[in-house]
Amino acid sequence: MLESKRIYLRSYTLEDFDAVHEYASIPEVSEYQEWGPNSNNDTKNYLEECIAKTNHDPIYDYELAICLKENDKLIGGCKLWRVTEKSSVLELGYVINPKYQKQGLAQEATKLLIDFGFNNLHASIIYATCDTNNIPSYKVMEKSGMKRVGVIKNHKEFKGRKRDSYRYEITK
């Protein structure tokens, strides 16, 4: 378990369905994502996939629940994964329930992932991408010490249009 002053990160369980589905089913939460808004089946499948990843040895794809220390409430999720199974390049991502946004919690989770990536997984570089219109997401990256290194034109196509992305990186 990874923890900071206000949050901790842990593996998902099937009992997390209601908390995950609460935010994953909201269209605005997945506006800049390839997934969502989630149906009940989408959320169930997602949790099953996350649980299955914890059985890989060694784990190279960490999907973690973000929980508040004060009440153990699951408020979001984050991910840190190797680009390839043996790579020292890692990518990260995060999502926070709108009820808990604008409180610095995504930044706390991102900093925990960065520290874990460098100190435990021996990453040489950690990066993240986000839609160029997703201002809150790139603000989290900037406040977490990541630097914008470029724009990827037509990076992804989903939900009916091609999208440009910013790429942010941090090195140890």
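What comes next is a walk through the structure. (Residues numbered from 1 in each chain as written. Predicted model: local features only at pLDDT ≥ 70, side-chain atom pairs only at ≥ 80, totals over all residues. Heavy atoms only, no water.)

**Considering the sheet that holds strand β2 (residues 7-11)**
Sheet strands associate in pairs through backbone hydrogen bonding, adopting either a parallel or an antiparallel arrangement. For clarity, the threshold we go by: One requirement defines pairing of two strands: DSSP has to find at least two bridges between them. Strands here are runs of E lasting at least two residues and helices are runs of H or I lasting at least four, both read from the DSSP assignment and numbered beginning at the N terminus. Should any heavy atoms of two residues lie within 4.5 Å, those residues are counted as being in contact. The axes used here are C-alpha line fits, helices contributing only the stretch in contact, and every angle between their N-to-C directions lies in the interval 0 to 180 degrees.
Spatially, the 8 strands line up as an open sheet ordered β1-β2-β3-β4-β5-β6-β8-β7, and their pairing is mixed. A strand with exactly one partner marks an edge of an open sheet, and here the two such strands are β1 (2-3) and β7 (147-158). Where strand β3 (residues 61-68) lies against strand β4 (residues 74-82), 7 bridges are found, and the strand directions are antiparallel. Counted as the bridge partner of I66 is G76 from β4. Where helix α3 (residues 105-119) meets the sheet, it contacts β1, β2, β3, β4, β5 (89-96), β6 (125-131) and β8 (161-171), and its direction lies at approximately 160° from that of β5.

**Notes on the pattern of salt bridges**
Using the following cut-off: Just to be clear on terms, a salt bridge is a Lys or Arg side-chain nitrogen sitting within 4 Å of an Asp or Glu carboxyl oxygen. The cut-offs for exposure are 20% and 50% of the maximum accessible area for each residue type, with area from a 1.4 Å probe on protein chains only; residues under the lower value are buried, those over the upper are exposed, and the others partly exposed.
All told, the structure shown has 15 salt bridges when counted by the stated rule. Taking the shortest distance from any N to any O, the salt bridge between E22 and K73 comes out at 3.7 Å. Of this pair, E22 sits in helix α1 (residues 17-24) while K73 sits in the loop between β3 and β4, placing them 51 residues apart in sequence. Of the residues examined, K73 reaches a relative accessible area of 28% and is grouped as partly exposed. Residues K53 and D61 are paired through a salt bridge, measuring 3.2 Å at the closest nitrogen-oxygen approach. Here the salt bridges do not stand alone but share partners, grouping K53, D61, E63 and K79 into one network.

**Things to note about the side chain of E108**
Which entries qualify depends on this criterion: Counted as a polar contact is a pair of N or O atoms within 3.5 Å, where, for protein atoms, one must be capable of donating a hydrogen and the other of accepting one, and residues adjacent in sequence contribute only when both atoms are in side chains.
Assignment of secondary structure puts E108 in helix α3. For E108, a relative accessible area of 15% corresponds to the buried category. For E108, the side chain forms a polar contact with the side chain of R6, separated by 2.5 Å. Those residues within four positions of E108 in sequence are excluded, and the remaining contacts are S4, K5, R6 and I7.

**What about the packing of aromatic side chains?**
Put simply, the rule is: Here is the rule: rings of Phe, Tyr and Trp (six-membered ring for Trp) pair when centre to centre is within 6.5 Å. Planes less than 30 degrees apart are stacked, more than 60 are edge-to-face, and the remainder are tilted.
On inspection of all chains with the given rule, the structure shows 4 aromatic pairs. On the basis of an interplanar angle of 75° and a centroid distance of 5.6 Å, the ring pair of Y12 and Y46 is categorised as edge-to-face. Of this pair, Y12 sits in the loop between β2 and α1 while Y46 sits in helix α2 (residues 40-53), and the two are 34 residues apart along the sequence. Here Y46 falls in the partly exposed class, since its relative accessible area comes to 24%.

**Description of the nonpolar core**
For the record, the criterion: Among the buried residues, those of types Ala, Val, Leu, Ile, Met, Phe, Trp, Tyr and Cys that are joined through side-chain atoms within 4.5 Å form a nonpolar core.
Among the nonpolar cores identified, the biggest contains 35 residues, and I7, L9, I66, L80, L92 and I126 are the most heavily contacted of them. Broken down by secondary-structure element, the contributors of at least two residues to this core are β2, β3, β4, β5, α3, β6, α4 (135-143) and β8. Counting residues in each nonpolar core, the second largest holds 13 residues, with Y8, V20, V29 and L47 among its members.

**Thoughts on unusual backbone geometry**
Put simply, D57 and P58 share a cis peptide bond, and its omega is 0°. Take P58: it is sitting in the loop between α2 and β3. In this structure, K102 is a non-glycine residue whose phi angle is positive, near 65°. Positive phi values are uncommon outside glycine, yet H122 reaches one of about 55°. For H122, the location among the structural elements is in the loop between α3 and β6. H122 sits in the exposed class, given a relative accessible area of 58%.

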